[in-house]
Amino acid sequence: MPAAAPTLALIGAGRMGSALARGWLRAKAKRQILIAEPRPSGEVQGWAAEGRVLLNPPAQAATTLVLAVKPQQFAAIADSAKAFAGSRTLVVSIMAGVRIAQISRRLETNRIVRAMPNTPGSIGKGITVFAAAPGLAASDLKAAEALLTPLGEVHGPVDESLMSAVTALSGSGPAYLFLLAEVMAEAGEAEGLPRALARQLARRTVEGAAALLAASGEDPEALRRAVTSPGGTTQAALDILMDTGGMPRLMREALRAAAARDRQLSREAD
């Protein structure tokens, strides 16, 4: 690798960090990838053995630094991360709850993008929203978007004040769908279905409905109405799910709690 090649430092190679690195390696761009991860997976160790990345190298100022650790770990790794952040380094954070100002203070730089991906990004089917430090150059915004594209769709920049709501809706959102499949299967069992069949029916129904939503391009409400015959079985179920104590109210309360926790993480990072 030529000495002049851009360097991309990744701190944290868990599910999201590894998904990003996987996409960067597929892109075969002419850049050196440095990964700092105390407990690397077999996949990451394999990349290092093949010479595709440098694993836990001595710190050096990188062209781009990506922070992919849990927010609770940021304080502990901030000093070591700072060694990768030079005066011209673009910092991209995918830590929930940690504000741009907090990253700026600890790393002593203003070139920061704060992003929130979600777990479908591990298969390139995610969605990421990002906010940027004031005055960040358009070239930095484009560079950050390109770095995040391996995870899937990218939107931004948005005002940072929206990031708690983004985290609550899309960042935590996949868990809501997994829970839906889980409780649908449990309800099917309660109606007498064998456990394995109930799980398979719930899983495939959620998968198929999501695929239809993606392929049709129609509004979710329109799709719901299309499958709901007046007076039919679906209507009977929706009368329960959509009553005053049902899913709409519970989802609002759930997102409110997730957003509040994101804001609490911000306070804890101070």
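The structure contained in this document is the topic of the report that follows.

1. A short note on the overall build of the protein chain
Looking only at helices and strands, the protein chain has 11 helices and 8 strands in total. Projected onto its principal axes, the C-alpha positions of the protein chain cover 70 × 40 × 30 Å. For the protein chain, the proportion of its 270 residues judged to be buried stands at 39%. The long-range share in the protein chain, meaning contacts at least 24 apart out of those at least 6 apart in sequence, stands at 64%. Accessible area of the protein chain: about 15000 Å², with a carbon and sulfur share of 58%. Once the 30 positive and 24 negative side-chain charges of the protein chain are each reduced to a mean point, those two points are 7 Å apart.

2. As for unusual backbone geometry
For the peptide bond that leads from Gly 156 to Pro 157, omega is 5°, which places it in the cis range. Mapped onto the elements of the fold, Pro 157 is located in the loop between β8 (152–155) and α6 (163–171). Here Asn 56, not a glycine, exhibits a phi torsion of approximately 50°, which is positive. Under the relative-accessibility criterion, Asn 56 is labelled partly exposed at 42%. Its identity is not glycine, yet Glu 108 carries a phi of approximately 55°, on the positive side. The residue Glu 108 is located in the loop between α4 (100–107) and β6 (112–116) in this model.

3. Let's talk about the sheet that holds strand β7 (residues 126–132)
Strand order across the open sheet formed by 8 strands is β3-β2-β1-β4-β5-β6-β7-β8, with mixed pairing between neighbours. In this open sheet, the two strands that pair with only one neighbour each are β3 (54–55) and β8. Where strand β1 (residues 7–11) meets strand β4 (residues 64–67), 4 bridges bridge the pair, whose relative direction is parallel. Directly across from Leu 10, in β4, lies its bridge partner Val 66. The strands touched by α4 within the sheet are β4, β5 (90–93), β6 and β7, with β6 carrying the most contacts at an inclination of about 135°.

4. Observations regarding the packing of α6 against helix α11 (residues 247–268)
Taken N-terminus to C-terminus, the directions of α6 and α11 make an angle of 130°; their axes are 8 Å apart at the nearest point. Looking at the two axes, α6 sits oblique to α11. Considering the relative orientation of α6 and α11, their crossing is right-handed. Contacts from Met 163, Ser 164, Thr 167, Ala 168 and Leu 169 of α6 reach α11 at Leu 255, Ala 258, Ala 259, Asp 262 and Arg 263. Residue classes in the contact of α6 with α11 are distributed as 6 nonpolar, 2 polar and 2 charged.

5. Here's the deal with the pairing of β5
Taking every second residue as pointing to the same face, both faces of β5 are buried, with Leu 90 and Val 92 on one and Val 91 and Ser 93 on the other. Two strands pair when backbone bridges link them, and β4 and β5 are joined in this way by 4 bridges, in the parallel orientation. By the bridge assignment, Thr 64 is partnered in β5 with Leu 90. With helix α3 (residues 74–82) bridging β4 and the parallel β5, this β-α-β connection has right-handed handedness. Here β5 pairs with β6 via 3 bridges, running parallel. Among the inter-strand pairings, Val 92 is bridged to a residue of β6, identified as Val 113.

So, how was this worked out
Residues numbered from 1 in each chain as written. Predicted model: local features only at pLDDT ≥ 70, side-chain atom pairs only at ≥ 80, totals over all residues. Heavy atoms only, no water. Helix = DSSP H or I, 4+ residues; strand = E, 2+ residues; numbered from the N terminus. Buried < 20%, exposed > 50% of the residue type's maximum accessible area, 1.4 Å probe, protein only. Contact = heavy atoms within 4.5 Å. Areas by Shrake-Rupley, 256 points an atom, 1.4 Å probe, with all protein chains shown as cover. Lys, Arg positive; Asp, Glu negative; His and termini not counted. Charge placed at Lys NZ, Arg CZ, Asp CG, Glu CD. Pairing = 2+ DSSP bridges. Axes fitted to C-alpha atoms, helices over the stretch in contact; angles between N-to-C directions. Parallel < 35°, antiparallel > 145°, perpendicular 65-115°, else oblique. Left-handed = near helix turned anticlockwise from the far one by under 90°. Nonpolar A, V, L, I, M, F, W, Y, C, P; charged D, E, K, R; others polar. Right-handed = clockwise from strand over helix to strand, strands pointing away.

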